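As a plain string of letters, each chain reads:
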Amino acid sequence: MQGYKISLPTQPTVIAPLGDIQWTVNPHRDIAVSLLKRHIARVLELEKDGVTVRFLGMGDYIDYMSPGNRKRQRAAGLHDNALDTADDAAERLLDSLYTEVLAPTKGKWLGMLRGHHYHIYESGETSDNRLMKKLEAKHLGDSAYVQLVFKRPGSSGTVNLWCHHGAGGGQKLHSMLLKMENLLPFWEADAFFVGHLPKLAHSPANRVYPSFPTNGSAFRLRHKTIQLICTGGWYKSY
């Protein structure tokens, strides 16, 4: 778990989670490319109204090797030319995804999580690392806390985001929400973002806490709303 503090202008802000694209060699057959591009354009259009826009990478950007595939590749003892060919294939996927879809988002990321589907180059670098460099985005690891800090003269406010690529399976729409609800007693955040399962689901959860008297004020019960957000995916079959 890593932690980052990011200062943003004190103005309306949109955080747009984006991941589980799983870009393939046949993206227009496999991926909802036109919908993905419209989504990004619609988010960026908000900047014209003075809104701060930041994307949050949720992992699985290209549909390359899973952890099991990478284990089998290492065990196969491939020759150098075969490994170079694999490096080249991953690089082509990255270039295609960046050029066709993600280039307009460059420099507009809170950071990007590592997913399960990526390539490890012979240099030891991963395809996720290289994509983050192209997009000028921080590497958030597998999971991270991101604190957004909004300052104005004489005051400041913060929003804490708990971000994780996700793990495990689930058939129902609410399956990831159930996993996230189990985190609520143990982790503190204003919003939880989880990907991995290609399901778009959201639920608010209200937490009550006591506010004790200070300077003559009355005791009150207060609450804050915590957002549980399953960030969905872009593969057509899901």
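It should be emphasised that the depicted structure is a prediction, and the values quoted were computed from it without experimental measurement.

Caption draft 1: Focus on the overall build of the chain. Assigned secondary structure in the chain consists of 6 helices and 9 strands. Each of the three principal axes of the chain carries a C-alpha extent, and together these read 75 × 40 × 30 Å. For the chain, buried positions account for 43% of its 238 residues. Restricting to contacts in the chain with at least 6 residues of sequence separation, those with at least 24 account for 74%. Within the structure as shown, the chain displays about 12800 Å² of accessible surface, and the carbon and sulfur contribution to it stands at 53%. For the chain, the distance from the average position of its 29 positive side-chain charges to the average position of its 22 negative side-chain charges is 8 Å.

Caption draft 2: Spotlight on helix H2 (residues 33-45). Taking 1.5 Å of rise per residue, the 13 residues of H2 would be expected to cover 18 Å, and the 18 Å separating its terminal C-alpha atoms lies within 8% of that figure. For H2, the set of buried residues is Val33, Leu36, His39, Ile40, Val43 and Leu44. Relative to the axis of H2, the buried residues are bounded by an arc of 125 degrees and lie together on one face.

Caption draft 3: View of the nonpolar core. Among the nonpolar cores identified, the biggest contains 32 residues, and Leu18, Ile21, Trp23, Phe55, Leu97 and Leu102 are the most heavily contacted of them. Mapped onto this core, the elements with two or more residues apiece are strand S2 (13-18), H2, strand S3 (52-57), helix H4 (80-102), strand S4 (109-112) and helix H5 (127-135). Per element, the largest residue contribution to this core is 8 residues, and it comes from H4. Beyond its immediate chain neighbours, meaning those up to four positions away, Ile21 contacts Ile31, Leu36, Asp60, Tyr61, Leu97, Leu102, Trp234 and Tyr235. By size, the runner-up hydrophobic cluster in this structure holds 16 residues, among which are Leu110, Leu113, Leu140 and Cys163.

Caption draft 4: Quick peek at the side chain of Thr126. Within the secondary structure, Thr126 is located in the loop between S4 and H5. Since its relative accessible area comes to 10%, Thr126 is described here as buried. If we ignore the near neighbours within four places in the chain, the residues touching Thr126 are Tyr118, His119, Ile120 and Tyr121.

Caption draft 5: Region of the structure containing the sheet that holds strand S5 (residues 143-152). Read across the sheet, 6 strands follow the order S1-S5-S6-S7-S9-S8 without closing on themselves; strand pairing throughout is mixed. Each having just a single partner strand, strand S1 (2-8) and strand S8 (200-211) make up the two edges of the open sheet. Within the sheet, the average angular offset between the axes of one strand and its neighbour, ignoring direction, is 20 degrees. By the bridge criterion, 10 bridges tie S5 to strand S6 (residues 155-164) in an arrangement that is antiparallel. Bridge assignment links Gln147 to a residue of S6, and that residue is Asn160.

Caption draft 6: Region of interest: the pairing of S5. Of the strand pairs in this sheet, S1 and S5 are connected by 7 bridges, and their pairing is parallel. Paired with Tyr4 across the strands is Val146, a residue of S5.

Caption draft 7: Summary view of unusual backbone geometry. The residue Asp20 is not glycine, and still its phi comes out positive at about 50 degrees. Residue position: Asp20 is located in the loop between S2 and helix H1 (27-30). A positive phi angle, near 55 degrees, is found at Asn215, a position not held by glycine. Locating Asn215 in the fold gives a position in the loop between S8 and strand S9 (220-231).

Caption draft 8: Just H5, in detail. For H5, the full list of buried residues reads Ser127, Asp128, Leu131, Met132 and Leu135. All buried residues of H5 lie within an arc of 140 degrees about the axis, which places them on one face of the element. Positive backbone phi, approximately 55 degrees, marks Glu136, located one or two places after H5.

Caption draft 9: Summary view of the pattern of salt bridges. Counted under the stated rule, the structure contains 12 salt bridges. With a closest N to O distance of 3.2 Å, Lys224 and Asp190 form a salt bridge. Of the two residues, Lys224 sits in strand S9 while Asp190 sits in the loop between helix H6 (175-181) and strand S7 (191-194), which places them 34 residues apart along the sequence. With a relative accessible area of 22%, Lys224 lands in the partly exposed category. Each of the salt bridges in this network shares a partner with another, and the network as a whole consists of Glu91, Glu125, Arg130 and Lys133.

Reading the values: rules and limits
Residues numbered from 1 in each chain as written. Predicted model: local features only at pLDDT ≥ 70, side-chain atom pairs only at ≥ 80, totals over all residues. Heavy atoms only, no water. Helix = DSSP H or I, 4+ residues; strand = E, 2+ residues; numbered from the N terminus. Buried < 20%, exposed > 50% of the residue type's maximum accessible area, 1.4 Å probe, protein only. Contact = heavy atoms within 4.5 Å. Areas by Shrake-Rupley, 256 points an atom, 1.4 Å probe, with all protein chains shown as cover. Lys, Arg positive; Asp, Glu negative; His and termini not counted. Charge placed at Lys NZ, Arg CZ, Asp CG, Glu CD. Expected span 1.5 Å × (residues − 1). Arc of directions from axis to C-beta. Core = buried A, V, L, I, M, F, W, Y, C linked by side-chain atoms within 4.5 Å. Pairing = 2+ DSSP bridges. Axes fitted to C-alpha atoms, helices over the stretch in contact; angles between N-to-C directions. Salt bridge = Lys/Arg side-chain N within 4 Å of Asp/Glu carboxyl O.

So far we have only geometry, and geometry alone does not tell us how the molecule works.
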